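One letter stands for each residue in the lines below.
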Amino acid sequence: MRQFYSYLKEQHSTHQFRVDLKHSLQRKEAILVHTMGKVGSSSIRKSLKDLELSMPIYGTHFLNSERLEAHLKVLRQKGQKPDGHLVVSQCLQEVINKGISDINWKVITLVREPISRNVSGLFQNIDKIFPNFLQRYHSGSLSIQEVVNVFLADYPHELPLNWLDWEIKAVFGIDVFSVNFPKSDGYTIFHRNNIDLLLLRLESLADCSFKAFSEFLGTREFTLKKANDSSEKEYSQAYREFRKSLHLPQTYIEDMYQSKYVQHFYTQNEIELFQAKWSK
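In this text, all values refer to a predicted model and were calculated from it rather than measured experimentally.

Examining the overall build of the protein
At step 1: Tallying secondary structure elements over the protein gives 14 helices and five strands in all.
At step 2: Here the protein has a C-alpha radius of gyration of 20 Å; the compact-globule value for 280 residues is 19 Å, and the two agree.
At step 3: When the backbone C-alpha atoms are referred to their principal axes, the protein occupies close to 60 × 55 × 30 Å.
At step 4: Taking contacts inside the protein between residues at least 6 apart in sequence as the whole, the part at least 24 apart equals 72%.
At step 5: Within the structure as shown, the protein displays about 14,800 Å² of accessible surface, and the carbon and sulfur contribution to it stands at 48%.
At step 6: Each charge sign in the protein was given a centre, from 36 positive and 32 negative side chains, and these centres are 4 Å apart.

Spelled out as structure tokens, the structure:
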């Protein structure tokens, strides 16, 4: 019976969001912060909300129908329910499938050096991979070396290399690799029909965000706010120990940094610094 009431509550939440979404999109324009995880999207959303813009602001990681359904299927198999951001993804995907041309979308996405992103991504979801992680870590029943072993063997390391093709090109029809990225600027803007896409590099965010959002939204009031920082999480001690214990195979490092993704967004000097950092 408890599961039944939980199901009703979940369905009501989804239904209510669909109602709210329909109402908020009546202005026919919206901001969508659509990114892979752990690239600074929480900071961007917080900064945008503080501007009190007239447009609704949504945040998603999944809009590609195949990826979203595959992720939901895994959750169902594990007996887990979709969290809030997946409910948003489901509802927004329905809107996009019905006709993306009906709305003027201001889409924002970010990229980040992939190995750092993957390590942060592991710890963002650490309790899903290792239930009761902190309790087991502090009691000594789970060692950091065990976490390292799982990361090396099972983590989806290719995700950041392919995400832009899966979630930007396939969903919005914008191939961000088709034009050179201005590495010294740290951002670029694409226009396609009713879609404006701002792509930023996380490593350049502190320097370029004011200029980028001034150009993209026409606002001179954007201030970057910090949010969802790994160094401030409860697992920060374990995170630091993991970083010290992680010894990556050289072939892995080379595969990541010789990828189309890294070569497109980073200079050769930056890539060499990344390689030196993770080869230690």
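Here we look at the packing of helix H5 (residues 114–124) against helix H11 (residues 236–245)
At step 1: Across the interface, H5 lies against H11 with an axial gap of 11 Å and an inter-helix angle of 140°. Between H5 and H11, the interaxial angle falls into the category oblique. Here the hand of the crossing between H5 and H11 comes out right-handed. Contacts between H5 and H11 involve Val119, Ser120, Leu122 and Phe123 from the first element and Ala238, Tyr239, Phe242 and Arg243 from the second.
At step 2: Counted by class, the contact of H5 with H11 contains six nonpolar, one polar and one charged residues.

Here's the deal with unusual backbone geometry
At step 1: Of note, the phi angle at Asn132 is positive, near 55°, even though the residue is not glycine.
At step 2: The residue Asn132 is located in the loop between helix H6 (126–129) and helix H7 (133–139) in this model.
At step 3: With a phi close to 55°, Asn193 is a non-glycine residue in the positive phi region.
At step 4: Summarising the element assignment, Asn193 is placed in the loop between strand S4 (187–192) and strand S5 (195–201).
At step 5: Residue Asn193 is classed as exposed on the basis of its relative accessible area of 70%.

Remarks on the side chain of Ser47
At step 1: With respect to the helices, strands and loops of the structure, Ser47 is situated in helix H2 (residues 41–49).
At step 2: For Ser47, the contacting residues outside a window of four places in its chain are Phe222, Thr223, Leu224 and Lys225.

A short note on the sheet that holds strand S2 (residues 57–60)
At step 1: If you trace the five strands from one edge of the open sheet to the other, you get S2-S1-S3-S5-S4, paired in mixed fashion. Edge positions in the open sheet fall to S2 and S4, since each of these has one partner strand only. Ignoring strand direction, the axes of neighbouring strands in this sheet form an average angle of 20°.
At step 2: The sheet strands contacting helix H10 (residues 205–217) are strand S1 (29–34), strand S3 (104–111), S4 and S5, and the helix crosses S5 at an angle near 170°.

So, the confidence of the model for the protein
At step 1: Model confidence for the protein is summarised by a mean pLDDT of 90, while 92% of its residues fall at 70 or above.
At step 2: At the low end of the mean pLDDT range in the protein sits helix H1 (residues 2–24), at 58; at the high end sits helix H13 (residues 260–265), at 98.
At step 3: For the stretch residues 1–12, pLDDT sits under 50, and the model shows three contacts to residues farther than four places along the chain or on other chains.

Quick look at the environment of Ser178
At step 1: Within the element layout of this structure, Ser178 appears in the loop between helix H9 (159–172) and S4.
At step 2: Residue class for Ser178 comes out exposed when judged on its relative accessible area of 51%.
At step 3: In terms of polar contacts, Ser178 uses its side chain to reach the backbone carbonyl oxygen of Asp175, at 2.7 Å.

Focus: helix H8 (residues 144–154)
At step 1: Regarding H8, the residues found buried are Ile144, Val147, Val148 and Phe151. Buried residues of H8, viewed axially, fall in a sector of 100°; they line one side. Pointing more than 90 degrees away from the buried face of H8 are the exposed residues Ala153 and Asp154.
At step 2: Where the residues of H8 are buried, they touch H5, H6, H7, H11 and helix H12 (250–257).

With respect to the packing of aromatic side chains
At step 1: Scanning all chains against the criterion turns up 15 aromatic pairs.
At step 2: Taking 5.2 Å as the distance between ring centres and 80° as the angle between the ring planes, the aromatic pair formed by Phe123 and Tyr239 counts as edge-to-face. On the criterion of sequence distance, the pair formed by Phe123 in helix H5 and Tyr239 in helix H11 is long-range, its members being 116 residues apart. Tyr239 shares its class with Phe123; the two are buried.
At step 3: What links up through ring pairs into an aromatic cluster is the set Phe123, Phe130, Phe133, Tyr137, Phe151, Tyr155, Tyr235, Tyr239 and Phe242.
At step 4: One cation-aromatic arrangement involves Lys106 over Phe216; the distance from NZ or CZ to the ring centre is 4.6 Å.
At step 5: One residue, Lys260, lies across the ring of Phe177, its end atom 4.3 Å from the ring centre.

Reading the values: the criteria
- Residues numbered from 1 in each chain as written.
- Predicted model: local features only at pLDDT ≥ 70, side-chain atom pairs only at ≥ 80, totals over all residues.
- Heavy atoms only, no water.
- Helix = DSSP H or I, 4+ residues; strand = E, 2+ residues; numbered from the N terminus.
- Rg over C-alpha atoms; globule rule 2.2 N^0.38 Å.
- Contact = heavy atoms within 4.5 Å.
- Areas by Shrake-Rupley, 256 points an atom, 1.4 Å probe, with all protein chains shown as cover.
- Lys, Arg positive; Asp, Glu negative; His and termini not counted.
- Charge placed at Lys NZ, Arg CZ, Asp CG, Glu CD.
- Axes fitted to C-alpha atoms, helices over the stretch in contact; angles between N-to-C directions.
- Parallel < 35°, antiparallel > 145°, perpendicular 65-115°, else oblique.
- Left-handed = near helix turned anticlockwise from the far one by under 90°.
- Nonpolar A, V, L, I, M, F, W, Y, C, P; charged D, E, K, R; others polar.
- Buried < 20%, exposed > 50% of the residue type's maximum accessible area, 1.4 Å probe, protein only.
- Pairing = 2+ DSSP bridges.
- pLDDT = per-residue confidence, 0-100.
- Polar contact = N/O pair within 3.5 Å; in protein donor to acceptor, adjacent residues only side chain to side chain.
- Arc of directions from axis to C-beta.
- Phe/Tyr/Trp six-rings, centres within 6.5 Å; stacked < 30°, edge-to-face > 60°.
- Lys NZ or Arg CZ within 6 Å of the ring centre and 35° of its normal.

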